[in-house]
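What follows is the residue order along each chain.
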Amino acid sequence: YMTTLNMIKPGEHAVVCGVSGPIRRRLTEMGFVRGACVYVRRVAPLGDPMEIRFSGYSLSIRKHEAADISVERVSP
């Protein structure tokens, strides 16, 4: 089912359904587009930021930015 990236727990996989907000352009330029598979690697002890892996590299993203990314959970 659809949710946002900030709701995905470490160790889970998701597929990007859409990106909105001020970070949209920067993420799409890096290849973070609809259909991209994302793996949440870890979340900082205080909950922000979170480290995600996609397209072969790691990216740290703030929780409020992750809330602008619609995803669908998938099994690995």
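Going by the structure above, here's the rest.
Reading the values: the criteria
Residues numbered from 1 in each chain as written. Predicted model: local features only at pLDDT ≥ 70, side-chain atom pairs only at ≥ 80, totals over all residues. Heavy atoms only, no water. Helix = DSSP H or I, 4+ residues; strand = E, 2+ residues; numbered from the N terminus. Buried < 20%, exposed > 50% of the residue type's maximum accessible area, 1.4 Å probe, protein only. Contact = heavy atoms within 4.5 Å. Pairing = 2+ DSSP bridges. Axes fitted to C-alpha atoms, helices over the stretch in contact; angles between N-to-C directions. Salt bridge = Lys/Arg side-chain N within 4 Å of Asp/Glu carboxyl O.

**What about the side chain of Glu65?**
Here comes step 1: With respect to the helices and strands, Glu65 occurs in helix H2 (residues 63–66).
Here comes step 2: When its relative accessible area of 19% is taken as the criterion, Glu65 is described as buried.
Here comes step 3: In this structure, Glu65 is in contact with Ile23 and Arg26, ignoring residues within four places of it in sequence.

**A short note on the pairing of strand S2 (residues 13–19)**
Consecutive residues of a regular strand have side chains that alternate between opposite faces of the sheet.
Here comes step 1: Of the strand pairs in this sheet, S2 and strand S3 (residues 37–43) are connected by 3 bridges, and their pairing is antiparallel. If you follow His13 over to S3, its bridge partner there is Tyr39.
Here comes step 2: Where S2 and strand S6 (residues 69–74) come together, 6 bridges link them in antiparallel fashion. Along S6, the bridge assignment pairs Gly18 with Ser70.

**As for unusual backbone geometry**
Here comes step 1: Looking along the chain, the bond that leaves Asp48 and enters Pro49 is cis, with omega of 0 degrees.
Here comes step 2: We note that Ser55 has phi near 50 degrees; this positive angle belongs to a residue other than glycine.
Here comes step 3: Judged by relative accessible area, Ser55 falls into the exposed class, the value being 57%.

**Re the pairing of strand S4 (residues 50–54)**
Here comes step 1: Counting buried residues along S4, 4 of its 5 residues qualify, which places the element largely inside the surrounding structure.
Here comes step 2: In terms of strand pairing, S3 meets S4 through 4 bridges, oriented antiparallel. Paired with Arg42 across the bridge in S4 is Glu51.
Here comes step 3: Linkage of S3 to S4, two consecutive antiparallel strands, is achieved through a turn of 6 residues, within which Gly47 is found at a positive phi near 95 degrees.

**Let's talk about the sheet that holds S4**
Here comes step 1: Judged by pairing direction, the sheet is antiparallel, and its 6 strands sit side by side in the order S1-S6-S2-S3-S4-S5 without closing on themselves. Because the sheet does not close on itself, it has two edges, and the strands there are strand S1 (2–4) and strand S5 (57–61). Neighbour-to-neighbour, the strand axes of the sheet open up by a mean angle of 45 degrees, direction not taken into account.
Here comes step 2: Relative to S5, S4 runs antiparallel, the two sharing 5 bridges. The residue bridging Ile52 from the neighbouring strand is Leu59, located in S5.

**A short note on the pattern of salt bridges**
Here comes step 1: The full count for this structure, using the stated rule, is 6 salt bridges.
Here comes step 2: Of the charged contacts, one joins Glu51 and Arg42 as a salt bridge, the two residues approaching to 2.6 Å between their closest N and O atoms.
Here comes step 3: Each of the salt bridges in this network shares a partner with another, and the network as a whole consists of Arg41, Arg42 and Glu51.

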